[in-house]
Amino acid sequence: MDGHVVRNWKVRWFVLLQDKLLYYKIEGGKKEPSPKGRILLDGCTITCPCLEYENRPLLIKLKTKTNTDYFLECCSREERDSWALDITGAIHAGHPVQVQELHKMKNSFKLLENISLHNIVERMYESSAGIKLTRNLDQGNRYKETFTGSALVDWLISNSFAVSRFEAVTLASMLMDENFIRPVGVRSTEATRSSDPSEKFLDDSTALYMFAESSKKNTSSKEEVHFNISELSGTIVKQGFLVKQGHKRKNWKVRKFVLRADPAFLHYYDPTKEDNKPVGGFSLRGCLVSALEDNGVPAGVKGNVQGNLFKIITKNDIHYYIQASSKAERVQWIEAIKPLT
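Residues numbered from 1 in each chain as written. Predicted model: local features only at pLDDT ≥ 70, side-chain atom pairs only at ≥ 80, totals over all residues. Heavy atoms only, no water.

- Per an unreviewed UniProt entry, the chain is named Pleckstrin-2, and its organism is Ficedula albicollis.

So this is what it looks like as C-alpha cells:
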C-alpha cells in the first residue's frame, strides 16, 4: 500500500467488510489487533488495472468521495482481479443487480460495436499513453521493444477497449490474427500452435509480443467482395460479435454479424477494416439453422473448438459454423434467424 504522508510502500493486512476496507500493521508476522486505518467504500471509484506506476503493474486504485487516492499492490494478477471484483461488489452492495452483472462481466464477451483494430494499434503506438515497450530476456535471447501478454491485457482494459480479461485476450488474439502484433520468444510462439483459439494469446507476464512490421501497412492483397445495395438495405434486426470458421483455411476469427430483414440477409464484417463493408454474407431464404452439441467437437468443426456452436446451411448447401459467447446468446441468434428463413 502507498502511504499518504510519506510516499512509501508498506505491507498491510486488509479486511474487506460490507461498507469499508480495513487495513492493519503487521508485526512479527501477525497483524495487530486494531486497524491502522480504514477506507470507506461509499462513493468510492475503483481503477483496475491501474497503470499510473510503470514498474508496479499489479495495482488497484481507490478514490474516495473526498478525493483521497489509495494505491493497493497485490502479489499476482489473479489476486488483484479477485480483490478488485470483491471491492467493486462491496461498493455496489446496495444495488444487487449491479453486483450480479459484475460477476457475469468477469468472463463476458461483448466487444464494442464500433471497435476498430486500426484505432487500437494507433493508440498502442502513442508515446505517452501507448503500450510501454521494454527489453526482455527469453531463453537466453534478448528482445528489444517488446511487451508481455499480461501488459497488453492490462492496457486494453485500462484504455476501455475491454471490460474483462477474457474480452481483452479475445481482442489481443484478433490483433495477432490480423498481423498487427506477433509473438516473440519460445513461450508465446509455442502457444500459437494450440488448436484452441482461446489459448493462442497468453495473458502471461512471461509471454512476449511485439509490433509486426506489416501492422503499419493499411493495404490488403485480398480481393474485394462486392454486394448488391438492395441486400444491405433491409432493417437491422440484430447485430453483434461472433466467432466464425473460415471456408478455406478452417481457422476461427471474430466477425461482426449483422442480421437484416426485408430482404432477409446475414452479413459479416472484418473488425480490422475501417470501410465498414461486409466481407461475406448470404440470403437467409431457404436456410436451415440449428444448435450443435456442446459435448465434444462436432463434425465439420476444425480445431479444438466446442461449446455454444450453431450451424447455418444455405439453400446452396454451404455450411457456416459459428460460435456464440454463451448458450443464451446462441439461442437469441437462432431465434432471430429462424423467422427469416
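## Focus on the nonpolar core
Part 1: Counting residues in each nonpolar core, the largest one holds 37 residues, and the members touching the most others are Ile120, Met124, Leu152, Leu156, Ile181 and Phe201.
Part 2: Those elements that provide at least two residues to this core are helix H3 (117-125), helix H4 (149-158), helix H5 (165-177), strand S12 (208-211), strand S13 (235-245) and strand S14 (252-261).
Part 3: Examining the composition of this core, we find that 7 residues originate from one element, H5, more than from any other.
Part 4: Counting contributing residues, this core receives three or more from each of domain 2 (117-211) and domain 3 (229-338).
Part 5: Membership of the second largest hydrophobic core comes to 21 residues, among which are Tyr268, Ile312, Ala324 and Leu340. (Core = buried A, V, L, I, M, F, W, Y, C linked by side-chain atoms within 4.5 Å. Buried < 20%, exposed > 50% of the residue type's maximum accessible area, 1.4 Å probe, protein only. Helix = DSSP H or I, 4+ residues; strand = E, 2+ residues; numbered from the N terminus. Domains from an automatic or database assignment.)

## Here we look at the packing of aromatic side chains
Part 1: This structure, assessed with the given rule, holds 9 aromatic pairs.
Part 2: Ring geometry for Phe257 and Trp333: centres 6.5 Å apart, planes at 70°, overall edge-to-face. Of this pair, Phe257 sits in strand S14 while Trp333 sits in helix H7 (residues 327-337), and the two are 76 residues apart along the sequence.
Part 3: Taken together, a centroid distance of 4.3 Å and an interplanar angle of 25° make the contact between Phe282 and Tyr320 stacked. Separated by 38 residues along the polypeptide, Phe282 in strand S16 (residues 278-283) and Tyr320 in strand S19 (residues 319-323) bring together distant segments of the chain.
Part 4: Accessibility expressed as a relative area gives 7% for Tyr320, which makes it buried.
Part 5: Taken together, the ring pairs in this structure connect Phe257, Tyr268, Phe282, Tyr320 and Trp333 into an aromatic cluster.
Part 6: Lying across the ring of Tyr24, Lys31 places its NZ or CZ 4.2 Å from the centre.
Part 7: Taking the ring centre of Trp333 as reference, the NZ or CZ of Lys238 above it sits at 5.1 Å. (Phe/Tyr/Trp six-rings, centres within 6.5 Å; stacked < 30°, edge-to-face > 60°. Lys NZ or Arg CZ within 6 Å of the ring centre and 35° of its normal.)

## A short note on the environment of Val243
Part 1: By the element assignment, Val243 lies in strand S13.
Part 2: Between the C-alpha atoms of Val243 and Val254, which are 11 residues apart in sequence, the distance is 4.3 Å.

## A closer look at the packing of H3 against H4
Part 1: Put simply, H3 and H4 touch, their axes get as near as 12 Å, and they point 110° apart. Relative to H4, the element H3 is oriented roughly perpendicular. For the pair H3 and H4, contact is made by Ile120, Arg123 and Met124 and by Leu152, Trp155 and Leu156, respectively.
Part 2: Classifying every residue of the contact of H3 with H4 gives 5 nonpolar, no polar and 1 charged. (Axes fitted to C-alpha atoms, helices over the stretch in contact; angles between N-to-C directions. Parallel < 35°, antiparallel > 145°, perpendicular 65-115°, else oblique. Contact = heavy atoms within 4.5 Å. Nonpolar A, V, L, I, M, F, W, Y, C, P; charged D, E, K, R; others polar.)

## Details of the sheet that holds S16
Part 1: One open sheet holds the 7 strands; their spatial order is S16-S15-S14-S13-S19-S18-S17, and the pairing between them is antiparallel. Two strands in the sheet have a free side with no partner beyond their single neighbour: S16 and strand S17 (288-291). Within this sheet the neighbouring strands show an average axis-to-axis angle of 30°, counted without direction.
Part 2: As judged from the 5 bridges shared by strand S15 (residues 265-269) and S16, these two strands associate in the antiparallel manner. The residue of S16 that forms the bridge with Phe265 is Ser283.
Part 3: Where H7 meets the sheet, it contacts S13, S14, S15, S17 and strand S18 (309-313), and its direction lies at approximately 130° from that of S13. (Pairing = 2+ DSSP bridges.)

## Some remarks on the pattern of salt bridges
Part 1: Overall, the coordinates contain 9 salt bridges when judged by the stated rule.
Part 2: With a closest N to O distance of 2.9 Å, Asp154 and Arg80 form a salt bridge. Residue Asp154 is found in helix H4, and its partner Arg80 is found in helix H1 (residues 77-91); the two are separated by 74 residues along the sequence.
Part 3: For Asp154, a relative accessible area of 1% translates into the label buried.
Part 4: Among the salt bridges present, the one from Arg255 reaches Asp270, with a minimum N-O distance of 3.5 Å. (Salt bridge = Lys/Arg side-chain N within 4 Å of Asp/Glu carboxyl O.)

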